[in-house]
Amino acid sequence: MGIRICLAGASGHVGVELTRAILDAPDLELVGAVGKRAAGRLLSEIVGDARTALRVQSRLADAFVSGPVDVVIDYTRPEAVKEHVHQAMEAGCNAVIGTSGLSDADYAEIGRLALARGVGAFAAGNFSITAALLQEFSVRVARHMPHWEILDYAGDTKPDAPSGTARELAYQLGKVAAPRWAVPLAATQGLKESRGATLNGSQLHSIRVPGFYSAAQVIFGATGERIELRHESTSYRPYVAGTLLAARKVQSFKGLRRGMGALLEL
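Note that the structure is predicted; figures quoted are calculated from it, not measured. (Residues numbered from 1 in each chain as written. Predicted model: local features only at pLDDT ≥ 70, side-chain atom pairs only at ≥ 80, totals over all residues. Heavy atoms only, no water.)

Undergrad: What should I look at first to understand the pattern of salt bridges in this one?
TA: Note that side chains of opposite charge can pair when their charged atoms are close. Throughout the structure, instances matching the rule amount to 18 salt bridges. In this structure, E228 engages R226 in a salt bridge whose closest nitrogen and oxygen atoms are separated by 3.0 Å. Overall, E228 belongs to the partly exposed group, its relative accessible area being 41%. The network of salt bridges with shared partners includes D24, D49 and R51. (Salt bridge = Lys/Arg side-chain N within 4 Å of Asp/Glu carboxyl O. Buried < 20%, exposed > 50% of the residue type's maximum accessible area, 1.4 Å probe, protein only.)

Undergrad: Would you explain the packing of helix α6 (residues 129–142) against helix α7 (residues 164–174) in this entry?
TA: Where α6 contacts α7, the axes come no closer than 9 Å and their chain directions differ by 35°. Along this stretch, α6 crosses α7, giving a crossing that reads as right-handed. Where α6 abuts α7, its residues L134, Q135, S138, V139 and A142 lie against E168, L169, Q172 and L173. Considered class by class, the residues forming the contact of α6 with α7 number five nonpolar, three polar and one charged. (Axes fitted to C-alpha atoms, helices over the stretch in contact; angles between N-to-C directions. Helix = DSSP H or I, 4+ residues; strand = E, 2+ residues; numbered from the N terminus. Left-handed = near helix turned anticlockwise from the far one by under 90°. Contact = heavy atoms within 4.5 Å. Nonpolar A, V, L, I, M, F, W, Y, C, P; charged D, E, K, R; others polar.)

Undergrad: What exactly am I supposed to notice about unusual backbone geometry here?
TA: Residues apart from glycine generally show negative phi values, whereas peptide bonds are mostly found in trans. Here the residue pair A161 and P162 is connected by a cis peptide bond, since its omega of -5° sits within 30 degrees of zero. As for its position among the elements, P162 is in the loop between β6 (148–154) and α7. A positive phi angle, close to 55°, is found at N200, a residue other than glycine. Within the secondary structure layout, N200 lies in the loop between β7 (197–199) and β8 (202–208).

Undergrad: Explain the sheet that holds strand β4 (residues 94–97) to me, please; I cannot follow it from the model alone.
TA: Where strands meet in a sheet, backbone hydrogen bonds hold them as pairs that are either parallel or antiparallel. A sheet is described by the order of its strands in space; here six strands give the open sequence β2-β1-β3-β4-β5-β11, paired in parallel fashion. Looking along the sheet, the strands with just one partner apiece sit at the ends: β2 (28–34) and β11 (255–258). Across the sheet, the mean angle separating the axes of adjacent strands is 20° when strand polarity is ignored. Pairing between β4 and strand β5 (residues 120–123): three bridges, direction parallel. Bridge assignment links A95 to a residue of β5, and that residue is A121. (Pairing = 2+ DSSP bridges.)

Undergrad: Is there a simple way to think about the pairing of β8 in this case?
TA: Side chains on a regular strand alternate between the two faces of the sheet. When β6 meets β8, the two strands line up parallel, connected through six bridges. The residue bridging E149 from the neighbouring strand is Q203, located in β8. Across three bridges, β7 lies against β8 in antiparallel orientation. When the bridges of β8 are listed, L199 appears paired with S202. In textbook terms, the turn of a hairpin is the stretch between consecutive antiparallel strands, and for β7 and β8 this stretch comprises two residues, one of which, N200, has a positive phi near 55°.

By themselves, these are just geometric observations and shouldn't be taken as functional.
In structure tokens form, the structure reads like this:
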């Protein structure tokens, strides 16, 4: 028997790709599917794959009725993910969090509950390998260049800002140092809001216009020189392999781990 997975957000763009990948994997078994908009529909009709007879449930608790679950993968919405993760861990399930929009305080709360329940929880702002490499290289550069800002790009339909990728970047960079400023933000003349939002010490600027899918950029500067690091994805596919890697590894530890670098041993 493979790792038994319940997928929340199964009818979404990433969820459809994940469903097909789980069905293809010999060591994984899809045992539950959750989705508000698709509730009551057969998952096979949504993904175009007759290998699953699951019906999409409206609530996570209903998806648990059919049998044991080892890992809950959540790709829903910011307002739903925290409750789903809590329900999963209370039921003794491990959790992989693919939904963005949670704060550092939310993650701290999830980490405490995971330890209390003796389960693993994994979260990444972006599950692609290149996003993990962007974080790794950015942390290395930040040790040598103390001036940087983060830019976050997505289409205009993305409701949350900053993106999970940008949040994770700020979190990782904040563990290295705080960037320096020649002019303190409080001393900015004109519209202070134009300097962006401050998160973990970094200035963040979220751009939401059609034509972007997902991208994150860090600009580092020093006197007379500059280096820019950028990750960009143009589809949902880069997230699938990373999410399944997390599902396979999340049972091997207790508590919360954040960032693909923790799984890739960067």
